[in-house]
Amino acid sequence: MKTKTKNNLKFPKDFLWGTATSAYQIEGNNSNSDWWRWEEKGKTKEKSGRACDYWHKFKEDHNLLEELGVNSYRLSLEWASIEPAENCFSRENLDYYRKILKDLKSRKIKTVVTLWHWTSPLWFADKYGFHHKKSSEIFSRYCQKVRDELGDWIDIYVVFNEPMVPLGMGYLGGAFPPGYKNPFKFYRALSNIARAYIKVYEIIHQKYPQSQVGISYLYNWYEEKGFGPVGLLNKISQWFRIDLLGNKIKDHQDYIGIDYYRIGRMKFNRRRIKLDAKNQNYFGFTVEEDKKNVMKWITYPEGIYKVLKEAQEKYKLPIYILENGLPTNIGLDDWQRIDFIESHLKFVKKALSEGVDVKGYFHWSLLDNYEWLYGYGPRFGLVEMNYKTLERKPRKSFYAYKKMISENSNLSASESIMHTK
Ligand code: BGC
């Protein structure tokens, strides 16, 4: 039996409890997007196909959200569905997204909407891409359309999800679309994303001055351990992931969105001298790994506290934890996930009690889903997906998280759920 920590930590009354997903990873059949073509080219372990078919099964999944007792849900919109051809917006798909958002609102679930979660329409990828000078204008036109058509049903906007990941992987590492290894294009794309973001921030506020607009950062903890090249590299990683873009947009954020998963500790490995971004090898520099973890990530609950403190100090803004989760390959008895959530929430609470303005926690993810380059192997869901039958089965972590939420939040929730190691 796992050891449990007993405490009665309470979260603020208006704290947002949620789960997070993204369109491409759950909707299925987004064949008009650049990632689809990336899959067709054999660049991923598996193809996404119909994924979880959320597009048709959203009501079933919203029932699960209701049962879970969350008061908010983070989802994303697929740009390629909304604007399938350049400057041609799909009335049908906009109406369909409105139906999805209205369904959430009718259940008193706040909507946190990501406008770009790594996928772009094929026409945009072919003719422009974010390295093109017109990209900020084109992207903000799509966002303006979303604001006008769907804005009444959106509570919080996440304009870009972790943009430094696809920028790094797609423009330097060559492992994500568009597949470049080109620092000049990288820098142009970075500047255009910053420009696009600021435009969108203003566009949304023109119509909805009260709405909250920001981005999510992949804000893992980089230990600045040691001197010399490795210590320096840890510092560089942190700067690359957070400050490089963060400094460009810092006066245009209503909150800081944090996606926290693990500790990223750099080390030097002379056997991995090649650039292989997919496996996190950067000319011999690589990240320490936990072989027992499905994605080889090192879980480090205290890191979420460190990240929250650092972000608060740096930006002095409200903070949403927009993603936090654990990849597994097990079935319904996922005690590891229960431990993961509990231990991270304990550190979130510690940060709160020291005055960090944390406004919400969104667990990644509601459902097992398409994990990009890694296909369907890693499972992040509170709910297990049977990809053959599309049957959804809540795991033990689903009931544990439900209990944590309902007790707002008694972190010893899993004590009532029997699980053995
Ligand atoms: C991304 C998700 C992804 C998750 C787990 C996040 O960085 O936003 O799309 O599934 O990590 O790897």
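Numbering of residues starts from 1 in each chain and follows the order in which that chain's sequence is written. Local features in a predicted model are, by the rule used here, given only for residues with pLDDT of at least 70; side-chain atom pairs are given and counted only at 80 or more, and totals for whole chains, interfaces and linings are based on all residues. Hydrogens and water are ignored here; the side-chain numbers use all heavy atoms of the structure.

Draft legend 1. Just the overall build of the protein, in detail. Summing up its helical and strand segments, the protein has 13 helices and 16 strands in all. Computed over the C-alpha atoms, the radius of gyration of the protein is 20 Å, within 12% of the 22 Å expected from 2.2 N^0.38 for a compact globule of 421 residues. Across its three principal directions, the C-alpha atoms of the protein cover 55 × 55 × 45 Å. For every residue, the accessible area (1.4 Å probe, protein chains only) is compared with the maximum for its type, and the residue is labelled buried under 20%, exposed over 50%, or partly exposed between those bounds. By residue count, 62% of the 421 residues in the protein fall in the buried class. Residues are treated as being in contact if the distance between any of their heavy atoms lies within 4.5 Å. In the protein, the share of contacts with a sequence separation of at least 24, taken over all contacts with a separation of at least 6, comes to 75%. Per-residue and other accessible areas were derived by the Shrake-Rupley procedure at a 1.4 Å probe size, with only the shown protein chains allowed to occlude residues. Taken as a whole, the protein presents about 17100 Å² of accessible surface, with 52% of it coming from carbon and sulfur. The numbering of helices and of strands both runs from the N terminus, where a helix is a DSSP run of H or I of at least 4 residues and a strand a run of E of at least 2. In this setup the radius of gyration rests on C-alpha atoms only. A globule is expected at 2.2 Å times the number of residues raised to 0.38.

Draft legend 2. Main features of the sheet that holds strand S12 (residues 285–287). Spatially, four strands are ordered S9-S12-S11-S10 in an open sheet, and the strand pairing comes out antiparallel. Sheet topology places strand S9 (266–268) and strand S10 (275–276) at the edges, where each strand pairs with a single neighbour. For S10 and strand S11 (residues 281–282), the ladder comprises two bridges, and the chain directions are antiparallel. Bridge assignment links Leu275 to a residue of S11, and that residue is Tyr282. Any two strands are treated as partners once DSSP identifies two or more bridges connecting them.

Draft legend 3. Examining the site of the ligand more closely. Definition of nearness: a residue and a molecule or strand are near each other if at least one heavy atom of the residue lies within 4 Å of the molecule or strand. Near the ligand, the surroundings consist of Gln25, His117, Trp118, Asn161, Glu162, Tyr261, Trp297, Glu323, Trp364, Glu371, Trp372 and Phe380. A distance of 2.6 Å is found between an oxygen atom of the ligand and a side-chain nitrogen or oxygen belonging to Glu162. Contact with the protein chains removes 95% of the 310 Å² of surface that the ligand exposes when unbound. Looking at the shell around the ligand residue by residue, the classes come out as six nonpolar, three polar and three charged. Whenever two N or O atoms come within 3.5 Å, that pair is a polar contact, provided that in protein one can donate a hydrogen and the other can accept it, and provided that, for residues adjacent in sequence, both atoms are side-chain atoms. As a working rule, the residues Ala, Val, Leu, Ile, Met, Phe, Trp, Tyr, Cys and Pro are called nonpolar, Asp, Glu, Lys and Arg charged, and the rest polar, with Gly in that last group.

Draft legend 4. Expanded view of the nonpolar core. Only buried residues count toward a nonpolar core, which is a set of Ala, Val, Leu, Ile, Met, Phe, Trp, Tyr and Cys residues joined through side-chain atoms within 4.5 Å. In this structure, Leu115, Phe130, Phe139, Phe160, Leu308 and Tyr401 are the most contacted members of the largest nonpolar core, which totals 133 residues. Residue contributions to this core peak at 10 residues, all from helix H9 (residues 183–207).

Draft legend 5. Expanded view of a nonpolar patch on the surface. Together, Leu232, Ile236 and Trp239 make up a nonpolar patch on the protein surface, roughly 290 Å² of accessible area in all. Tracing the backbone shows Ile236 in helix H10 (residues 228–249). For patch detection, residues must exceed 30% relative accessible area and be free of salt bridges, and they are connected within 9 Å for like charges or within 5 Å for nonpolar side chains (Val, Leu, Ile, Met, Phe, Trp, Tyr). A carboxyl oxygen of Asp or Glu within 4 Å of a side-chain nitrogen of Lys or Arg is what we treat as a salt bridge.

Draft legend 6. How the structure looks around unusual backbone geometry. Here the residue pair Pro177 and Pro178 is connected by a cis peptide bond, since its omega of 10° sits within 30 degrees of zero. Here Pro178 lies in the loop between helix H8 (164–171) and H9.

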